[in-house]
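Below are the chains, spelled out letter by letter.
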Amino acid sequence: MAKVLVLYYSSYGHIETMAKAVAEGAASAGAEVDIKRVPETAPPEVVAAAHFKVDHDFPEAQPDDLKNYDAIIVGAPTRYGNMSSQMGAFWDRTGGLWFNGALIGKVGGAFSSSATQHGGNESTLHSIHKTLLHHGLVIVGLPYSFAGQMRNDEITGGSPYGATTIANGDGSRQPSENELDGARFQGKHIAEIAAKLAG
């Protein structure tokens, strides 16, 4: 049985919703799953003015937690085509893990959210992938066996690089059922591969 960490940052709850779906998928493959969030780094006045979500359902992660898992699935919203600074700041604290090669051979994946259909989701996934690759993780995306990413009857997230959602500029759009299905599929797929590698 694989141990899977779903590690996320969410300003408004979209990524948190996706994180729950990723975790559901991983658990459906028999994995032991934890969901943890990275700390908020924005100043309190910015958090209040922007109406960030402050009632969190999951505990904060510490960098040393990462070595305890077979797979780490990272979720972050896009900021100008990159992972959010909060997620970046968390990974900036993992130098000791990198130095010791503590994450080499683990399975990694990413999921993201943007305001618009072409708002940088794929480049954000790549920014997460690059960090995971530097740590020696084996990257697993969202294969085309999840056919929902090829739908054209509705605007939808998802790509071979990972599950994504689209929030609208005002955050009014919540993850669609198709997008949540993609997140579940990716979580299950990663957990299955992690179990094979761990075995």
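Treat the numbers as computed from the prediction; the structure is a model and nothing was measured.

Locating R173 in the fold gives a position in the loop between strand 7 (164-166) and helix 6 (177-198). Judged by relative accessible area, which is 19%, R173 ranks as buried. Filtering out sequence-adjacent residues up to four positions away, R173 remains in contact with H14, I155, T165, I166, A167, N168 and E179.

Bringing the UniProt feature "domain: Flavodoxin-like" (unreviewed entry) in the protein chain into the picture now. Within the UniProt annotation, "domain: Flavodoxin-like" (unreviewed entry) is assigned to residues 4-190. Between the C-alpha atoms that bound residues 4-190 the distance is 9 Å, and the span itself is 34% helix and 19% strand.

So, about the UniProt feature "binding site: substrate" (unreviewed entry) in the protein chain. Under the local residue numbering, the UniProt record ascribes the feature "binding site: substrate" (unreviewed entry) to W98. Tracing the backbone through its elements, the reader meets W98 in helix 4 (residues 95-100). With near-sequence residues (within four places) excluded, W98 lies in contact with H134 and H135.

To continue, consider the packing of aromatic side chains. Applying the stated criterion across every chain, the model contains four aromatic pairs. Plain terms: the ring middles of Y8 and F58 are 6.2 Å apart, the flat faces sit at 90° to each other, and that makes the pair edge-to-face. Of the two residues, Y8 sits in strand 1 (residues 3-8) while F58 sits in the loop between helix 2 (44-49) and strand 3 (71-79), which places them 50 residues apart along the sequence. In this structure, Y8 and F58 share a single accessibility class: buried. Plain terms: the ring middles of Y12 and F52 are 5.3 Å apart, the flat faces sit at 85° to each other, and that makes the pair edge-to-face. Here Y12 is found in the loop between strand 1 and helix 1 (14-28), whereas its partner F52 is found in the loop between helix 2 and strand 3, with 40 residues between them in sequence. Residue classification places Y12 among the partly exposed positions, given a relative accessible area of 47%. The residue whose ring lies beneath K3 is Y69, and the NZ or CZ to ring-centre distance is 5.4 Å.

Below, the discussion takes up the nonpolar core. Within the largest apolar cluster, 25 residues are counted, with the highest numbers of intra-cluster contacts made by V4, V6, I35 and F111. Looking at this core, the elements with two or more residues in it are strand 1, helix 1, strand 3, strand 5 (107-114) and helix 6. A total of seven residues in this core trace back to one element, the largest contributor, which is helix 1. Setting aside chain neighbours within four positions, we find I35 in contact with V6, Y8, A19, K20, A23, F58 and P59. Listed in part, the 24 residues of the second largest apolar core include Y9, V38, A61 and I72.

So, on to helix 5 (residues 121-134). Under the 1.5 Å per step criterion, the end-to-end length of helix 5 is 20 Å for 14 residues, consistent within 8% with the ideal 20 Å. On the buried face of helix 5, the contacting elements are strand 3, strand 4 (82-83), helix 3 (85-92), strand 5, strand 6 (138-139) and strand 7.

Scoring rules and cut-offs
- Residues numbered from 1 in each chain as written.
- Predicted model: local features only at pLDDT ≥ 70, side-chain atom pairs only at ≥ 80, totals over all residues.
- Heavy atoms only, no water.
- Helix = DSSP H or I, 4+ residues; strand = E, 2+ residues; numbered from the N terminus.
- Buried < 20%, exposed > 50% of the residue type's maximum accessible area, 1.4 Å probe, protein only.
- Contact = heavy atoms within 4.5 Å.
- UniProt positions renumbered as here; feature names shortened; annotations may be inferred.
- Phe/Tyr/Trp six-rings, centres within 6.5 Å; stacked < 30°, edge-to-face > 60°.
- Lys NZ or Arg CZ within 6 Å of the ring centre and 35° of its normal.
- Core = buried A, V, L, I, M, F, W, Y, C linked by side-chain atoms within 4.5 Å.
- Expected span 1.5 Å × (residues − 1).

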